[in-house]
Amino acid sequence: MKMYFAGRELDMSRCHVMGILNVTPDSFSDGGRFNRPGVALRRARQMLADGATFIDIGGESTRPGAAPVSVQEELDRVCPVVEAVARELDAVVSVDTSAPEVMAEAAKLGAGLINDVRGLQREGAAEVVARAAIPVCIMHIQGEPDTMQDCPEYRNVRREVSSFLSARVRVAEMAGVRPENILLDPGFGFGKSLEHNLQLLASLEQMHILGHPLLIGVSRKSMLGHITGRDVNERLPASLAAATISAMKGASIIRVHDVRETVDAVRVVTAVKEAG
Ligand code: 7PM
């Protein structure tokens, strides 16, 4: 199945890698003082050279317990980088935001995908995405980032994530978002215990019944820390294992910090699939 991202056609029956580009002040060692498009652009260029297809630009920290960011602050952080990457590089620019104002501005500046960890739940978000006629990734989250990990509970996590996603797809389509512009994401770590995350990854194939390509983000996440006992900076092997499993199970986009290594892992999966 094909999708179009800012005019670029991609075959979503294949697996693509998305590099994470944080533009929050805490993501730069200088505390944000030199958080100018130049630094971000250099990182994006490297990820592209390493084989990324997408660059995911985010200005709001969704870390558990993080303070909310004003829309103006998010616009100021994200827009210059979106514009620079879209203009300079042959990458699909994805914007990690839940704010309709940021979505609209990013689409104007050349973004090819809106990545919303709140699944278009903010007032007006679905309408903005529909009007911009831009693809969107709808992610499942239980609660809000500041409290979502306090005590996540489900009767049946697979069923509840699936029904949440179908409900959000329905709302998006009612607002005018075209079904062929919708990607889905079960939202690993977003209001989920280790057990919940494992059940979702184990049954990732089930998510395909909704008929939309899947985006998966597991890179360096705490579920991998729980399994391996490793610190966040020691989770590359675990992240590659999780990426490999996701690609095997048919994910179309894998969102990662370590692009070069993940691209190699995905290439192996793709080669094996093509031989099968
Ligand atoms: C702290 C906690 C910092 C969690 C960063 C995060 C996803 C995403 C993120 C995902 C999609 C991270 C997350 N995760 N977007 N944005 N899917 N679509 O670990 O899993 O990068 S932020």
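Provided above is the structure to which this section pertains.
Residues numbered from 1 in each chain as written. Predicted model: local features only at pLDDT ≥ 70, side-chain atom pairs only at ≥ 80, totals over all residues. Heavy atoms only, no water.

Caption draft 1: Geometry of the sheet that holds strand β6 (residues 113-116). Here eight strands make up an open sheet; going across it, the order is β8-β7-β6-β5-β4-β3-β10-β9 and the pairing parallel. Taken across any chain shown, the strands that pair with only one partner, and hence form the sheet edges, are β8 (182-185) and β9 (215-217). With strand direction ignored, the average angle separating the axes of adjacent strands in the sheet is 25 degrees. Pairing of strand β3 (residues 16-22) with strand β10 (residues 253-256) involves four bridges; the strand directions are parallel. Note that in β10 the partner of M18 across the bridge is R255. Strands in contact with helix α1 (residues 37-49) are β3 and β4 (54-58); relative to β3, the strand with the most contacts, it is inclined by about 165 degrees. (Pairing = 2+ DSSP bridges. Helix = DSSP H or I, 4+ residues; strand = E, 2+ residues; numbered from the N terminus. Axes fitted to C-alpha atoms, helices over the stretch in contact; angles between N-to-C directions. Contact = heavy atoms within 4.5 Å.)

Caption draft 2: Examining the pairing of β10 more closely. Side chains of β10 alternate between two faces, with I253 and R255 and I254 and V256 buried alike. As defined by bridge partners, β9 adjoins β10 across three bridges and the pair is classed as parallel. Bridged to I216 within β10 is I254. (Buried < 20%, exposed > 50% of the residue type's maximum accessible area, 1.4 Å probe, protein only.)

Caption draft 3: A look at the environment of R255. Of note, R255 is situated in strand β10. Only 2.9 Å separates the side chain of R255 from the side chain of D56, close enough to count as a polar contact. In this structure the side chain of R255 is engaged in a polar contact, spanning 3.4 Å, whose partner is the side chain of D96. (Polar contact = N/O pair within 3.5 Å; in protein donor to acceptor, adjacent residues only side chain to side chain.)

Caption draft 4: Quick look at helix α4 (residues 125-132). Residues of α4 that are buried: A125, A126, V129 and A130. Along the axis of α4, the buried positions cluster into a sector of 135 degrees, meaning they face one direction only. Among the structural elements, α3 (100-108), β6, β7 (136-139) and α5 (157-174) are those in contact with the buried residues of α4. In the stretch just after α4, A133 is the one whose phi turns positive, near 50 degrees. (Arc of directions from axis to C-beta.)

Caption draft 5: Layout of the nonpolar core. Within the largest apolar cluster, 67 residues are counted, with the highest numbers of intra-cluster contacts made by I55, I57, V85, L120 and I138. Among the elements that line this core, the one with the most residues is helix α2 (residues 71-88), at seven residues. Residues within four places of I55 in sequence aside, it is in contact with G19, L21, A44, M47, V85, A91, V92, V93 and S94. In terms of nonpolar packing, the next biggest core, distinct from the first, is built from twelve residues, L10, F54, V92 and L215 among them. (Core = buried A, V, L, I, M, F, W, Y, C linked by side-chain atoms within 4.5 Å.)

Caption draft 6: Broad picture of the environment of S222. You can see S222 is positioned in helix α7 (residues 222-228). Accessibility expressed as a relative area gives 43% for S222, which makes it partly exposed.

Caption draft 7: Molecular detail of the state of the cysteines. One pass over the full model with this rule turns up zero disulfides. C137 takes part in no disulfide bond, and the closest cysteine sulfur to it belongs to C15, at a distance of 13 Å. You can call C137 buried: its relative accessible area is 0%. (Disulfide = S-S within 2.5 Å.)

Caption draft 8: Spotlight on the packing of α1 against α2. Direction vectors running N to C along α1 and α2 enclose 45 degrees, while the axes themselves pass 9 Å from each other. The pairing of α1 with α2 is recorded here as oblique in orientation. Relative to α2, the crossing made by α1 is right-handed. Here P37, A40, L41, A44 and R45 of α1 lie close against α2, whose contacting residues are P80, V81, A84, V85 and E88. When the residues that make up the contact of α1 with α2 are grouped by side-chain class, the tally is eight nonpolar, no polar and two charged. (Parallel < 35°, antiparallel > 145°, perpendicular 65-115°, else oblique. Left-handed = near helix turned anticlockwise from the far one by under 90°. Nonpolar A, V, L, I, M, F, W, Y, C, P; charged D, E, K, R; others polar.)

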